[in-house]
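# Remarks on the overall topology
Chain by chain, the residues:
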Amino acid sequence: MEDFKVIGKSVVRLDALEKVTGKARYSADFRVEGMLHASVLRSPHASARILGIDTSKAERLPGVRAVLTPDDVPPVSISPHLGDQYILCLDNFVRCVGDPVAAVAADTVEIAEDAVKLIKVEYEELPAVFDGEEAFAKDQPVVVHPDLPSYKVLTGMPIRLDPERANVCQTYKVRSGDVERGFKEADLVVENKYTTVRMQHCQLEPHVVVAWFEPDGNLTVMSSNQMVYDLKSVLSKVLKLSPSRVRVLSSYIGGGYGGKGGVRAEPIAALLARKAGKPVSLIFTREEMFVFGGHRVPYSIDIKDGVKKDGTLTAREMRVILAIGLYSEKGVLIARRAAAGAVGTYRVPNFKLDSYSVYTNLPMTGALRGFGCPEIQWPIEQQMDIIAEKLGMDPLELRIKNILNEGEKDASGMVTRSIGVRECLDKVSSWIGWGEKPVRPVGPWKTGKGIAIGNKSVIAGSTTVVIVKVWPDGVIELRYSAVELGQGIKTTLAQITAEQFGIPVEQVRMVSGDTDICPFDFGTVASRSLVHYGNAIVIACDDAKQQLYKMAAPKLGAWDLDTREGRIFVKEAPEKSLKITELFTPMGVPLEGGEVLGKGAFTGSSAREDPETGQSERSVFSYSHIANAVEVGVNTETGEIKLLRSGIACDVGKAINPLIVEGQIEGGDSMGVGSALYEEIVFNSSGGVVNSKFTDYRIPMATDMPLISNSKTIIVEVAEPEGPFGAKGVGELSLVSTAPAIANAVYNAVGIRVKDLPITKEKVLTAMRKSGKV
Amino acid sequence: MRLPKFDYLAPKEVEEAGDLLSRFGEKAMVVAGGTDLIVRLRQRVVTPRYVVSLGFLSNLDYIKPSPGGGVSIGALTRVHSLERAESLGSGLDVISLAAGKLASPQIRNAATVGGNLCLDTRCWFYNKSHYWRQSRPPCFKAHGDVCHVVKGGDRCYSLFTADLVPPLIALDASVKIRTPKGERTMNLQELYSGKGERPVNLSPGEIITEVDVPPAGPGKGTVYLKLSFRQAVDFPVVGVAASVSGKAATGICENIGIVIGAVSSGPVRASGAEAVIKGKKLTPELVEMAADAAVKDVGVIVPIGTTVEYKRKMVKYFVSQAINEAWKAVAVS
Ligand SMILES: Cc1cc2nc3c(=O)[nH]c(=O)nc-3n(C[C@H](O)[C@H](O)[C@H](O)COP(=O)(O)OP(=O)(O)OC[C@H]3O[C@@H](n4cnc5c(N)ncnc54)[C@H](O)[C@@H]3O)c2cc1C
Ligand code: SF4
């Protein structure tokens, strides 16, 4: 065990003081001289052709500075993978309630909102399709994008359509072994259907952007985006500006959860700024967030499992339909990533998965903490319990029996390594007292326990670059482009940097939030920041250190040097040392090279994937693992569910800052509770979001979580060989298996199984009445 | 969503408030804690020219014991103060308990008793932004002629969800109303029209100044049970108050009041259920019959937030629970 100075310590977050004192600045605190305010007109119809737009009244309203209509919008897609989305509705068709149709920039938000109401749009209403399975059918009632076959494919990611299904914009396959044989070998086959629903991220801060053109014609954008370089590239494409002329700024972000990983508000603000010749700010309203801020993709999953009497899984077959809504955005990628969740935990010798991204006339979906993985564990982890019961086995034992071993190939062809799920499972099950009776039920309440496990991977093949600068006083500056959205990345990266130079965190200066000075990063998404930044920082620090050592070596008369606490010393003879300051002139210029700048770039390894079988030696960069054990009370008269005790263990490889990791775990777990019990975007019969506010869309409150004394957060550290200090991602991991654990506990308490999220009181009560069990 | 434009007036005396309100009539609305009105203003559900704040009328913020063990509560008393009140009087603590079930501590700090009594009815097709509502024709509550909840319905079915009202009615509370001509008092039950379009029987210019709760008297037990979807910050799915008096020794229920909230456009007095029980010895069978009668008393249930079947089951269950628990309180008193 290496002896670290700051790594593995819960140092106080660098942003703590400014946040608790209310001084931290967010994008909406940002003001630019002459700034206008924008508001967006959105479609009231789920499917319609725009026959005409009359903006004359809006333009005449005093204070209005620019009105944007589809005619002003370049025919360039802002969707990352497939050319199906323009800044304002595509080709004069609206495809969901909420599709942006026009926008106004005015002196005040009030004027902009009033002006939007004055825009007259004439629509010809068209039929729409809302249900994913209906849209998926070969005789689908409506084709959402009739021109789909001619849409451009924009990235290296393969897009495979289905010639027989006109609404399918992505298909993805995994094949390993022979499932038919596997089912033949099985003593028991269990087949079920499960569904998940749309959720909203509910970040405290909505989408915020301020865009303006500099006197030289360059564009600057201040945005709450999680993927600053992606945004830069989209803006440069749609505005036909060299990427060198687009600058993206960012400050603290009030929560992202994947929802801010796409472009929503930015291009609208930029085009309005160009048209008005003034800076434009656009802040989504809460209602806009609920309607067009992105939703978790609703899944409908058919799953069939084959298992031997002794509990050995022989085969698993899954068909997953992702009803992604009107634009492909990340929906085509989630169809692929969901597969990783399905193969990363269990040994399944014969495996088959088909997933389909399907268009519907509902709003956009996209990344929401977990990127398809919680949705995939929802069926799998309930299946495991169903199988265990049918075989008369302990669900814990069944899981342990089928967990992948170190060194084994998983169903996608990747060799398993650093799999800590067994340890997680052991720890939570012993904490909850697995096998012992649950707390004594009172009155109409029945109690039960449940477990579930899962995984979340870090994306393969993405790149992060950092620059490290050494200041004459020994302060080390890190220039990076990850955004701080509450997850603590700023502090964690400062710790890694500090460790490299053997200095306290206070001696590190963190510079971020400006693409003019901070280098490329794929994005603060996919639980990838720590592993990619950690590796890049180590490389950059080594580079900077070599430059220092080159200057120090002649003075110290030795080449084998190291650094600590602002001094450089000879490894063999530490008493021979000098201060870093001594390598600079009194003016602060290094003795050689003008500046000490270290560069570090890291690209996570990846390997080609076979398109027919999904087989790849490296389909993901790394896997983190989780286990949940919960105890619930279920009210047999009302269907209410109370979470009485909750234990959660996460294998994160290495906790660089344990308190931050615990924060990520507990925050994610409560989000998982929301997904399990309450959260669902409800639509009316014409495709409008009914519960577009917090009184109607319920997220969990402190009162919905068990008392602190009845909760346990456990960090497990099984090192990832290619992760910095063994670390793997944690951000999305923590809610992957909360919902199935609760579902399993409900079953344990009252003998009913809810297969469709969320597990509402009504569903529980109805199922109990039907089953006649209580 | 921003607030629409209006003139904000902040009178210091009740008289002045009354004058302003009579002068501006329909064009003015009063705001107390604002926890309900501000939301409706932002959504442009209401668009008054004038908003008259009662927040500076400090002499309406009080909890005073009244002779005989009752209590008088000023309309501007914060819900939080009610929750924290040492004792409101023998048998009246249910009011504090009900107050503690409303929304969240933050909201209770701002919310007033008067505002709760005058809480408008709610419906998830109506309590929505302007943008959302404009995509459909205006409904009855918005002076139109359709209902989006009950297709083919001929009136508004929005729900009355104020948590303090069922227990206060069960305790026979009355309200003092300041009118342009003077003052009048009415039974709290009479304050409610039962009509979703206009649920509170107040004319423009009238404000509530006080709630009076008579002494509970010995041998009376009152409870308020609330089911909501989430354990905090949530309106009731159903709220049932039951006030039972009787003698533990005989087991006979001499008097009973059952009031149900969140099932209709006004608080529902379950008189059918009361009749089943009044003057009889309480048995599980009788309670069950009363609960069935309560479901009949409620009548039409509409699918706002829940299915009709679920709500019906919950009415039945919570009425029987409330009667039982209220009786338990009688038994220990
Ligand atoms: C998130 C959230 C959750 C909530 N949860 C609950 C809940 O669980 N239970 C519940 O009952 N309520 C709930 N409410 C509604 C509201 O907070 C309470 O009903 C509160 O008591 C209203 O009081 P107020 O003083 O804030 O009313 P205001 O908003 O000031 O006024 C409400 C209405 O009453 C009128 N009014 C106010 N005072 C008087 C008076 N003295 N005379 C005549 N008219 C008057 C106003 O004109 C207005 O129409 C919730 C609100 C929110 C925002
Ligand atoms: S119940 Fe009332 S508010 Fe709701 S849609 Fe019908 S008329 Fe409108």
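All values reported here derive from a predicted model rather than from experimental measurement. Counting from 1, residues in each chain are numbered in the order their sequence is written. The order in which chains are written sets their letters, starting at A; the order in which ligands are written sets their numbers, starting at 1. Owing to the predicted nature of the model, reporting of local features is limited to residues with pLDDT of at least 70; listing and counting of side-chain atom pairs is limited to 80 or more, with chain, interface and lining totals taken over all residues. Hydrogens are left out, water is left out, and the side-chain values use all remaining heavy atoms of the structure.

Another point: the overall build of chain B. The helix count covers DSSP runs of H or I at least four residues long, the strand count covers runs of E at least two residues long, and both are numbered beginning at the N terminus. Counting its regular elements, chain B contains 11 helices and 12 strands. For a compact globule of 333 residues, the expected C-alpha radius of gyration is about 20 Å, and chain B comes in at 20 Å, within 12% of that figure. Across its three principal axes, chain B shows a C-alpha extent of roughly 60 × 50 × 35 Å. Taking all 333 residues of chain B together, the buried fraction comes to 57%. For chain B, the proportion of contacts with a sequence separation of at least 24, taken over those separated by at least 6, is 62%. Accessible area for chain B stands at about 13,800 Å²; split by element, carbon and sulfur atoms hold 54% of it. Working convention for charge: Lys and Arg count positive, Asp and Glu count negative, and His plus the chain ends are omitted. Here the site of a charge means NZ on Lys, CZ on Arg, CG on Asp, or CD on Glu. In chain B, 41 positive and 31 negative side-chain charges are present, and the distance between their average locations comes to 6 Å. The quantity called the radius of gyration is restricted to C-alpha atoms. Its globule counterpart is 2.2 Å times the number of residues to the power 0.38. Residue burial is assigned from relative accessible area. The probe radius is 1.4 Å, only protein chains are included, and a residue is buried under 20% of its type maximum, exposed over 50%, and partly exposed in between. A contact between two residues is defined here by any heavy atoms of the two lying within 4.5 Å. Per-residue accessibility takes into account occlusion by the displayed protein chains alone, with areas from the Shrake-Rupley method and a 1.4 Å probe.

By convention in these notes, a residue is near a molecule or strand provided one of its non-hydrogen atoms lies within 4 Å of it. For ligand 2, the full set of nearby residues is B:C123, B:F125, B:Y126, B:C139, B:F140, B:K141, B:C147, B:H148, B:V149, B:C156, B:Y157 and B:S158. Of the residues in the shell around ligand 2, the class split is nine nonpolar, two polar and one charged. In this count, Pro and Cys sit with the nonpolar residues alongside Ala, Val, Leu, Ile, Met, Phe, Trp and Tyr, while Asp, Glu, Lys and Arg are called charged and the others, Gly among them, polar.

All right, on to the sheet that holds strand 12 (residues 268–269) of chain B then. Residues and elements named next belong to chain B. An order of 9-10-11-12 is seen for the four strands of this open sheet, with the pairing classed as antiparallel. Edge strands, defined here as strands with exactly one partner in the open sheet, are strand 9 (220–227) and strand 12. Pairing between strands is defined by DSSP: at least two bridges between them are needed. With nine bridges joining them, strand 10 (residues 238–247) and strand 11 (residues 252–261) adopt antiparallel strand pairing. Bridged to S245 within strand 11 is N255.

Here we take up the packing of aromatic side chains. Between the rings of Phe, Tyr and Trp (Trp by its six-membered ring), a pair exists once the centres lie within 6.5 Å; its type follows the angle of the planes, with under 30 degrees stacked, over 60 edge-to-face, and the other angles tilted. For the structure on display, the rule yields 13 aromatic pairs over all chains. Seen in terms of ring centroids, A:F290 and A:F694 are 5.4 Å apart; in terms of plane orientation they differ by 75°. Their pairing is edge-to-face. Pair noted here: A:F290 is in helix 8 (residues 286–292) and A:F694 is in the loop between helix 15 (658–677) and strand 28 (711–716), with a separation of 404 residues, a long-range link. With centroids separated by 6.0 Å and ring planes inclined at 65°, the aromatic side chains of B:F125 and B:W132 adopt a geometry described as edge-to-face. For the pair shown, B:F125 and B:W132 are each scored as buried. Grouped by ring-pair contacts, the aromatic residues A:F290, A:F694 and A:Y697 constitute a single cluster.

Taken together, 33 residues are adjacent to ligand 1, and B:V30, B:G33, B:T35, B:L37 and B:T112 come closest. Residues lining ligand 1 come from chains A and B. Polar contacts here mean pairs of N or O atoms no more than 3.5 Å apart (in protein, one a potential hydrogen donor and the other a potential acceptor; neighbouring residues in sequence count only if both atoms are side-chain atoms). Within the backbone of B:A103, one N or O atom sits 3.1 Å away from an oxygen atom of ligand 1. In this structure, B:D234 approaches ligand 1 through a main-chain N or O atom, which is 2.9 Å from an oxygen atom.

Moving on, we come to the domain arrangement of chain A. Residues and elements named next belong to chain A. Bear in mind that the domain bounds are from an automatic or database domain assignment. With domains assigned, chain A is organised as domain 1 (16–24 + 462–603), domain 2 (31–128 + 204–255 + 260–292) and domain 3 (369–458 + 620–771). The distance between the C-alpha centroids of domain 1 and domain 2 comes to 38 Å. Each partner contributes residues to the interface: domain 1 has 21 residues there, and domain 2 has 14 residues. Simply put, the buried area is the total loss of 1.4 Å probe accessible area from both parts when two parts are fitted together. Contact between domain 1 and domain 2 buries roughly 1,500 Å² in total, counting both sides, with carbon and sulfur atoms accounting for 57%. The largest per-residue losses of area from domain 1 upon contact with domain 2 belong to V483, L485 and T515, which jointly make up 35% of the total buried on that side. We count a salt bridge whenever a side-chain nitrogen from Lys or Arg sits within 4 Å of a carboxyl oxygen from Asp or Glu. Counting across the interface, domain 1 meets domain 2 through two salt bridges. For D516, the salt bridge is made with R247, and the minimal N-O distance between the two is 3.4 Å. Taken together, domain 1 and domain 2 are joined by 10 residue pairs in polar contact (both at pLDDT 80 or more). Partitioned by chemical class, the residues of the side of domain 1 that touches domain 2 number eight nonpolar, six polar and seven charged.

Residues and elements named next belong to chain A. The buried fraction of strand 16 (residues 350–359) is high, at nine of 10 residues. As judged from the 10 bridges shared by strand 15 (residues 313–325) and strand 16, these two strands associate in the parallel manner. Note that in strand 16 the partner of M318 across the bridge is L353. If the strands point away from the viewer and the path from the first strand over the helix to the second runs clockwise, then the crossover is right-handed. Of the crossover connections in this fold, the one passing from strand 15 over helix 9 (residues 331–343) to the parallel strand 16 is right-handed.

Here the focus is the environment of A:Q226. All names here are of chain A. With respect to the helices and strands, Q226 occurs in the loop between strand 10 (219–223) and helix 6 (228–238). With 27 residues separating them along the chain, Q226 and I253 place their C-alpha atoms 8.3 Å apart. When residues no more than four places from it in sequence are discounted, the contact partners of Q226 are G256, Y257, G258, G259, K260, G261, V483, L485, G523, T524 and V525. Only 3.0 Å separates the side chain of Q226 from the backbone nitrogen of G258, close enough to count as a polar contact.

Once that is clear, we can look at the confidence of the model for chain B. Scored between 0 and 100, pLDDT is the confidence that the predictor attaches to each residue. Here chain B averages 94 in pLDDT, and 99% of its residues register 70 or above. With pTM at 0.96, the complex prediction returns an ipTM value of 0.93.

The next thing to look at is the pattern of salt bridges. All names here are of chain A. Inspection of the entire model under this criterion finds 60 salt bridges over all chains. The salt bridge involving K545 is made with D542; its shortest N-O contact spans 3.9 Å. With K545 and D542 both in helix 14 (residues 529–556) and three residues apart, the pair spans about one turn of that helix. Salt bridges sharing common partners tie together R13, D15, K19 and E484.

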